[in-house]
Amino acid sequence: MADEIFRDCHDTDDFVRRLAQWRPGTAVPLIQPESKEACEAVRSLTRPAASRTVPDPAGALIAAPRGSACAPLARALAAAVGGRYEEFGSPGDIARAAVRQDTRWVVPVALASELTERDVTGLHDALWEAARDGSFKGHAGLLVGGTVPDVCWQITKGLALPHRRPPQEEHVRLWPGVDGTPHRFGQGPLLLRDAATEATVRPLLTGGHTGVLSVIAHGRDDVIHLHDTVICKGPDQLPGPLDDRAHLPVCAYTGQCFRGDVEPSRVLRAETLVVDTVFVNACMTWRIADGLFPHPYLLPHAFLAGTAAAYVGVPNLVNGTAKLNDLFHHACATGLSVGEAVSLVNDHLRRERTDLPYFTVLGLPWTTPATPAPATGPADTTVPFATVREGDADADGGTLTAAARALAESRDRQTPTHLVHLSPRSAPALAGAVPARSGLADAERIRDELRALGAAMTALEAVPLLGFRYSRQGNLMVNLRERIAAVTTALRRAVSTGDPARTGRRIDGLREAVRNAEAGLAAALYERGTTSFVNFDDLWGEVLEQGPPTPAGADCRYCARPLVRTDAVHPLFTHIRRTGLVCARCCMVQDLDPASPVADIALDCAEEWRRGSSVKVTLAVRTTAATTTPVDAFVAVHTEACERNHVGYPPPRRVLLAPGGAVTEVAFDADVTDRAHMHVESLRGFAVARGTLSFGTRPVWVRPSGAERSG
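Analysis parameters
- Residues numbered from 1 in each chain as written.
- Predicted model: local features only at pLDDT ≥ 70, side-chain atom pairs only at ≥ 80, totals over all residues.
- Heavy atoms only, no water.
- Salt bridge = Lys/Arg side-chain N within 4 Å of Asp/Glu carboxyl O.
- Helix = DSSP H or I, 4+ residues; strand = E, 2+ residues; numbered from the N terminus.
- Buried < 20%, exposed > 50% of the residue type's maximum accessible area, 1.4 Å probe, protein only.
- Pairing = 2+ DSSP bridges.
- Contact = heavy atoms within 4.5 Å.
- Axes fitted to C-alpha atoms, helices over the stretch in contact; angles between N-to-C directions.
- Parallel < 35°, antiparallel > 145°, perpendicular 65-115°, else oblique.
- Left-handed = near helix turned anticlockwise from the far one by under 90°.
- Nonpolar A, V, L, I, M, F, W, Y, C, P; charged D, E, K, R; others polar.

Engineer: Can you break down the pattern of salt bridges residue by residue, with the values?
Structural biologist: All chains considered together, the criterion is met by 32 salt bridges. One salt bridge in this structure joins aspartate 632 and arginine 515, with 3.4 Å as the shortest N-O distance. Taken as a pair, aspartate 632 in strand 28 (residues 631-639) and arginine 515 in helix 15 (residues 501-531) lie far apart in primary sequence, 117 residues in all. Relative accessible area serves as the criterion here: at 24%, arginine 515 is assigned to the partly exposed category. The closest approach of N and O atoms between arginine 654 and aspartate 632, which form a salt bridge, is 2.9 Å. Of this pair, arginine 654 sits in strand 30 (residues 653-657) while aspartate 632 is found in strand 28, placing the two residues 22 residues apart along the sequence.

Engineer: Any chance you could break down the pairing of strand 28 for me, citing the residues and the numbers?
Structural biologist: Burial of strand 28 is extensive: 9 of the 9 residues sit out of reach of the surface. Inspection of the sheet shows strand 28 paired to strand 30 by 5 bridges, in the antiparallel sense. The partner of valine 635 across the bridge, within strand 30, is arginine 653. Examined bridge by bridge, strand 28 and strand 32 (residues 680-689) share 7 bridges and lie antiparallel to one another. Counted as the bridge partner of threonine 639 is leucine 683 from strand 32.

Engineer: Any chance you could break down the environment of aspartate 499 for me, citing the residues and the numbers?
Structural biologist: Along the chain, the position of aspartate 499 falls in the loop between helix 14 (473-497) and helix 15. Remark: the alpha-carbon pair of aspartate 499 and arginine 557, spanning 58 residues in sequence, is separated by 53 Å. Beyond its immediate stretch of four places on either side in the chain, aspartate 499 contacts His183, Pro416 and Ala494.

Engineer: Provide a residue-level description of the environment of phenylalanine 573, including the pertinent values.
Structural biologist: Assignment of secondary structure puts phenylalanine 573 in the loop between strand 22 (562-569) and strand 23 (577-583). Judged by relative accessible area, which is 37%, phenylalanine 573 ranks as partly exposed. Along the backbone, phenylalanine 573 and threonine 116 are 457 residues apart, and their C-alpha atoms lie at a distance of 44 Å.

Engineer: Got a sec to walk through the sheet that holds strand 29 (residues 647-648)? Specific residues and values, please.
Structural biologist: Reading across from one edge, 25-27-31-29 is the order of the 4 strands in this open sheet, with antiparallel pairing throughout. A strand with exactly one partner marks an edge of an open sheet, and here the two such strands are strand 25 (598-604) and strand 29. As paired strands, strand 27 (residues 613-623) and strand 31 (residues 663-672) are joined by 10 bridges and run antiparallel to one another. Counterpart to serine 614 in the pairing with strand 31 is aspartate 671.

Engineer: Could you give me a rundown of the packing of helix 4 (residues 91-100) against helix 5 (residues 117-132), with the residues and numbers involved?
Structural biologist: With their axes 8 Å apart at the nearest point, helix 4 and helix 5 run at an angle of 30° to one another. As summarised for this structure, helix 4 and helix 5 are arranged roughly parallel, according to the angle between their axes. Where helix 4 crosses over helix 5, the two elements pack in a sense that is right-handed. Where helix 4 approaches helix 5, its residues Pro91, Gly92, Ile94, Ala95, Ala98 and Val99 are matched on the opposing element by Asp119, Gly122, Leu123, Ala126, Leu127 and Ala130. Counted by class, the contact of helix 4 with helix 5 contains 9 nonpolar, 2 polar and 1 charged residues.

Right, dumping it as structure tokens:
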């Protein structure tokens, strides 16, 4: 019965002639490919009655390079699907042709030797420029092979794909490159790390029939690494002298896999995997000609020599983000074509910027890889995705922003959620299939808090470089660095898997570690200040390079004399700076870190203190106007060497500083004992906020008690 679907052709000329006459429902022309086994496998998978959606190729632009050997084939395909044919000299030519008319499908047809990866990434960029403003809403897929018959084989499989019988497994996730156990999205087998073995994968992918196979693994031009085996063209030793053959893999010389732990009999040959569509999220797995090895060894050609009607890979290094695979599976499960699904992935990456947006289809882009699942409707919050339209998202991208959005959305919906950015061309494809975001109000706050914690880490690391060292300082910083490393790893995981639980715990741990480090610094400053006459500006004055003093344009709040501003910078680490205000009478009344959220710090109290009394001291701290959330801080006041001078102060206190330029006042009681040293003293107040140090100073005079004066 399957033979009724195909019409055997004698040569490429015969194929081209019959292809030009093909129409849906008629026999698909077929040239016997190099692999007879693959041809028989495709025949056995095919039946006359269509078992899945028959795609509509209307609006197709079929293009070939000028002078290409594939030009007749491209013209015939354009005639078969009712499209138009163009020749091109550059990716920009294709994009301009696509925009001129209402183009839905863009299909360059070429030999591998006629295109480079630069041409392909240039095509993506050119089409994106047209898609981002809504002038182009089409999707691309390339037909590229080492020979014209190779390209014919791709066309045959693509046109006949609707007639393949339903697969035993609609979706298979082969993810040996994913750490841990991600939250499970979608259906079908999920093989992680040491579960991705030859004994498990071979019967699944060669003994059965898979609709959509996605891979996350370590890879390169010619190979995908599994736990105890590899997927590649196969370890075939070539006959004859090979000295004139450039860049052959090791197996061509030895017949052995380059991985010493993999016997040749355990290698999984890509062309033997019985799959309809392959999505490979691994480094450099979309090489067509100019890779590390000759084109027959490159993964796209190896897969497309078999049953795969479409292969999706990427020509650059990747991070292996599982979210992209989940998104591709979900798009296919909603009935999108392979071209639409890949446009969805790439357009999302243009906004999120966690990987390069160059996933590329080899195959007819209008083919539908999977049987659509029942519609869920936009109100169904069990769908593991929420969408963000381009206008809803700011221009900020990258892992931190993406993780903050994932955390916010997952908390809001109380379930792990992948957040997907939509463009003008991808939004219609998911209309009604994925709910809109339910709220990202917390995302900016989460992102800003994480950046503030990072800034606090930087500020705390600067303290010893300013000359202030204390016990346990090294241990606290080591703990902070470990927490930072754990958080950054968890952020990547949150973006990849959509599961915020681990990330939330890591952020809580980092927040606690920063708080402990700030508390330890405040305690050390208090201890040093209450037992010695060494001031913080004395320490950094020996380290930093001071610039010329300049008028501050303000008077001292304690004596109304004009203030002078001093600025100092570390000679090696120029981000380490201090700014001071100096009064001729009261000395340095303010010593600030320009990067601090503290803009001003002042001390309000009586100028004269009597022995045997309690004096109220108010520390007033004003934040910068740029702060948007309350600032966790540790504050304290003391006079120099007060322990030996018999004046007592409470220990540092943890407070929340009001944001946005507001002033927070904290009251302390100074215990001036009847043994207090009588002299002019420097009263100091400090705040440790987001790792930075801010100091205020004013003079006070300790005088005899009333009884002493009367005596």
